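# Survey of secondary and tertiary structure
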Amino acid sequence: MLETVKVPAQFEQAFAKAQHYVQQYFSNTAFRPSQGTIEISGQRYILVRAASLSVDLFDRMEERFGQMGPDQAKDATMALLFEMAHTIGMMDARAFHKKMGVKDPVDRLSAGPIHFAHTGWAFVDILPQSKPTPDQEYFLVYDHPFSFEADAWIQAGKRPAFPVCIMNAGYSSGWCQESFGVPLVAVEITCRAKGDKACRFVMAHPDRICQQIRHYISECEEIAAEVTNYYVPDLEKARRGEQALRMAQAENRKLAAVASLTRSGVLILTADKRIEWANAGFTRLTGLDAGQVKGMHLAGLLQQLHADSGLLDWIDRQIHDGQEQRYQIRLRPGSPRELWLDCEVQAILDQDGRPGSIILIQTDITEQRQAQQRYQTIAQQLEDVNKELKEFAYVVSHDLKAPLRGIQTLARWICEDYKDKLDKEAQEQLDLLIQRTECMQALIEGILQYSRVTRTSEPKVEITLNSLLAEVVDLISPPGHITVSIAPDMPTITASRTRISQVFQNLISNAIKYMDKPKGLVEVGWKADDQYWYFYVKDNGPGIEERHFQRIFGLFETLAPKDKTESTGIGLALVKRIVEQHGGKVWVESQVGKGSTFWFTLPKVQVAATAELSTCSCAT
């Protein structure tokens, strides 16, 4: 006689057999409170208060996920309970079948409802319309007259608008799926907890469940009005959700690992700027671990680190306007542990497009800031030194001019007043003295020119070079044996007129000064590419050895002994400086005995020069 299940007559024999070995399984039960164990046939069991897995759990889930909305919280709870119970049902069936050696699918299935009764899940009343075939046509309709879930809601005095026996549906369908090897789900269509006559379930293949429910309702008009708001589990959707969740969790673990390994500090903040998470990089930077700062408001952290609270406003501007990209903040200013951090922020938006979380990344730039400060200090020192040197050169040059002019004047007076009394040798010595003072005066003037390099400026204008060069040649007045030839198609350029005039004047004057041929020729020409003008001054003079090509552009450098030349060694140095400050370069090509060609370039597009030159010329 069946005592733990009610079935149609055609199923009684199979269930009577199952009842026997299920009772045998549960007859070997041992409660050992002194050890905190319950064992049935060697398997550990636990007792759980029914309401904890039903009405209480719904309440707790609604409290925790209420922001999702009551319907979403309810659906999330149902999905969780069904999937959990479905899995437990499958695992219990597998363990029972193995323990009892049950192999026949019908015997396995028949043991399920009897097992439910012994474990307190439910008493099962299988209705005559059932056709439990091991394929997609599987159909089982049954009642749970004493469902623990419905009783929990009723005892709590709550009447839900939906069937609540989710775990019963999940557990029973999980057991049957494991028994027959066919995917199955169960749906409670009426429920005593919401005032219906019975807790009635339909079990079928997931692809057929909705069709089977509609078909059953159409044939049982007496319950059609009670069938409302039932929950149809989507196991595939749940599995996809679980898979997506696992993938997201794996991705989060990867991101957390990367964030933990990076030397930058990473903080995850709530929308109201409370710290949720901090990585190891943050601890390395600040000495504060995640446990110390979790839950702390960012304003409190900044105060603790003696940092500028302007970071808070910057985060708001960055999140809402996105105009500023970075923010540099100083921690513990003036202390040995002072830090400079470069901050970046990124908001993580919720489903409504509002900032849900804020990621704040801090990179240590203390060394860069210290290097920048050292650079600024050194640059200021250099600027001060250069200024002093310029002032020194200018003052010394001016102070030397006065006594030098006195020496020249006195020497000339002596030559004129004592001309008849001086012998030839004395006259030559006085002439040499005057020559040396003149050379010294030229040298002082050159120093003055060089010291004025960065102290005067001149606007850049359009220059017609053929016109300018005619003026230069006229000013130089070459001797009769030297011809200066200027290309007739010299371009019009944009540059500082006086400076460019000075360059050509110095180069042409040098070519004339050192000419050693009875018929000298100086040529001025040009060529160009897309970016630069190329100008040259070519002569047929003595030429220059290649080893001197770089040296001749140095300050005070001359190739001839200073007592045998009037050169100050400043002219070519000035040419080089003028050209370079216009953005060009200068060089020489030469062969000894055949002559030299001095080249210089100027950009076709001129930019503002960082420093300008004086208006004086100084031929070498």
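Residues numbered from 1 in each chain as written. Predicted model: local features only at pLDDT ≥ 70, side-chain atom pairs only at ≥ 80, totals over all residues. Heavy atoms only, no water.

### Overview of the overall build of the chain
To keep it simple, the criterion reads: Helical segments are the DSSP runs of H or I of at least four residues, strand segments are the runs of E of at least two, and each set is numbered from the N terminus. Classification of residues uses two cut-offs on accessible area relative to the type maximum, computed with a 1.4 Å probe and protein chains only: under 20% is buried, over 50% is exposed, and between them is partly exposed. Per-residue and other accessible areas follow the Shrake-Rupley method at a 1.4 Å probe size, with only the shown protein chains counted as cover for residues.
Within the chain one finds 18 helices and 20 strands. Relative to its 620 residues, the chain shows a buried fraction of 42%. Carbon and sulfur atoms make up 52% of the accessible area of the chain, which totals about 33,900 Å².

### Considerations on the pattern of salt bridges
The condition is simple: Note on definitions: salt bridges are taken to be side-chain nitrogens of Lys or Arg within 4 Å of carboxyl oxygens of Asp or Glu.
In this structure the tally under the stated criterion is 17 salt bridges. Between R326 and E344 there is a salt bridge, with the nearest N and O atoms lying 3.4 Å from each other. Here E344 lies in strand 12 (residues 339–349) and R326 lies in the loop between helix 13 (310–320) and strand 11 (327–331), a separation of 18 residues in the sequence. Given a relative accessible area of 31%, E344 falls into the partly exposed group. R497 serves as the salt-bridge partner of E471, at 3.2 Å between the closest nitrogen and oxygen. Residue E471 is found in helix 16 (residues 465–476), and its partner R497 is found in helix 17 (residues 497–513); the two are separated by 26 residues along the sequence. Using a relative accessible area of 28% as the deciding quantity, one classes R497 as partly exposed. Here the residues in one salt-bridge network are R326, D342 and E344, joined through shared partners.

### Topic: the sheet that holds strand 4 (residues 43–45)
In any sheet, the strands associate via hydrogen bonds between backbone groups, in a parallel or an antiparallel arrangement. We apply this condition: For two strands to count as paired, DSSP must find a minimum of two bridges between them. What counts as an axis is a line fitted to C-alpha atoms, over the stretch in contact for a helix, and the angles between N-to-C directions run from 0 to 180 degrees.
The strand order across the open sheet built from three strands is 2-3-4, with neighbouring strands paired in antiparallel fashion. Edge strands, defined here as strands with exactly one partner in the open sheet, are strand 2 (29–32) and strand 4. The average undirected angle you get between the axes of adjacent strands in this sheet is 25 degrees. Bridge count between strand 3 (residues 37–40) and strand 4: three bridges; the pairing is antiparallel. For I38, the partnering residue across the bridge sits in strand 4 and is Y45.

### Regarding the pairing of strand 18 (residues 532–539)
Looking at chain direction, strand 17 (residues 520–528) and strand 18 are connected through seven bridges and run antiparallel. The residue bridging G525 from the neighbouring strand is Y536, located in strand 18. Of the pairings in the sheet, the one linking strand 18 to strand 20 (residues 595–603) comprises seven bridges and is antiparallel in character. Across the sheet, the residue bridging to W533 is L602, located in strand 20.

### Points about the nonpolar core
Convention followed: In plain words, nonpolar cores are sets of buried Ala, Val, Leu, Ile, Met, Phe, Trp, Tyr and Cys residues tied together by side-chain atoms within 4.5 Å. In what follows, residue pairs with any heavy atoms lying within 4.5 Å of each other are defined as contacts.
Y138, Y142, I189, V202, M203 and Y216 are the most contacted members of the largest nonpolar core, which totals 70 residues. The element contributing the most residues to this core is helix 6 (residues 166–180), with seven residues. Setting aside its immediate chain neighbours within four residues, Y142 contacts V124, D125, I126, L127, S172, A186, C199, R200, F201 and M203. Counting residues in each nonpolar core, the second largest holds 39 residues, with I463, L469, V484 and I500 among its members.

### Focus: the confidence of the model for the chain
The criterion, for reference: As a per-residue measure, pLDDT tells how confident the predictor is, with possible values from 0 to 100.
Averaged over all residues, the pLDDT of the chain equals 85, while 86% of them reach at least 70. Under a pLDDT of 50 for its full length, residues 608–620 has, in the predicted model, 59 contacts with residues more than four places off or in other chains.

### Overview of the side chain of S54
Residue position: S54 is located in the loop between strand 4 and helix 2 (55–64). Ignoring anything within four residues of it in the chain, the contact list for S54 reads E149, A152 and W153.

### Considering the sheet that holds strand 20
Taken in spatial order, the five strands make up an open sheet running 15-17-18-20-19, and their pairing is mixed. The open sheet is flanked by strand 15 (482–486) and strand 19 (586–591), the only strands paired with a single partner. Strand after strand, the sheet turns through a mean of 15 degrees between neighbouring axes, direction not considered.

### Side note on the packing of aromatic side chains
The condition that has to hold: Centre distance within 6.5 Å is the pairing criterion for rings of Phe, Tyr and Trp, where only the six-membered ring of Trp is used; planes under 30 degrees apart are then read as stacked, over 60 as edge-to-face, and the remainder as tilted.
In the structure shown here, the tally under the stated rule is 23 aromatic pairs. Judged by centre distance (5.3 Å) and plane angle (70 degrees), the rings of F504 and F600 are edge-to-face. Here F600 lies in strand 20 and F504 lies in helix 17, a separation of 96 residues in the sequence. Take F600: its relative accessible area is 0%, and that puts it in the buried class. With centroids separated by 6.2 Å and ring planes inclined at 10 degrees, the aromatic side chains of W587 and W599 adopt a geometry described as stacked. In this pair, W587 sits in strand 19 while W599 sits in strand 20, placing the two residues 12 residues apart along the sequence. Look at W587 and you get partly exposed, because its relative accessible area is 25%. Site record: aromatic cluster; members linked through ring pairs are Y21, Y25, F26, F96, F116, W121, F148, Y171 and W175.

### What about helix 3 (residues 70–100)?
Given 3.6 residues per turn, any residue in an α-helix points the same way as the ones three and four places further on. We count it as follows: The span you would expect from a helix comes to 1.5 Å times its residue count less one.
Taking 1.5 Å of rise per residue, 31 residues should cover 45 Å, and helix 3 covers 44 Å from first to last C-alpha, within 8% of that figure. Where helix 3 ends, the next residue or the one after it, G101, has phi of about 70 degrees, a positive value.

### Here we look at the packing of helix 1 (residues 12–27) against helix 3
The criterion, for reference: For classification purposes, angles smaller than 35 degrees are called roughly parallel, those larger than 145 roughly antiparallel, those between 65 and 115 roughly perpendicular, and all remaining angles oblique. For this classification, the nonpolar set comprises Ala, Val, Leu, Ile, Met, Phe, Trp, Tyr, Cys and Pro, the charged set comprises Asp, Glu, Lys and Arg, and every other residue, Gly included, is treated as polar.
Viewed as axis vectors pointing N to C, helix 1 and helix 3 meet at an angle of 95 degrees, and their least axial separation amounts to 11 Å. Between helix 1 and helix 3, the angle is such that the two are roughly perpendicular. Between helix 1 and helix 3, the contacting residues are Y21, V22 and Y25 on the first element and F96, K99 and M100 on the second. When its residues are assigned to classes, the contact of helix 1 with helix 3 shows five nonpolar, no polar and one charged.

### Examining the pairing of strand 17
Pairing geometry for strand 15 and strand 17, over five bridges, is parallel. Bridge assignment links I486 to a residue of strand 17, and that residue is V524. The loop that links strand 17 with its antiparallel partner strand 18 comprises three residues.

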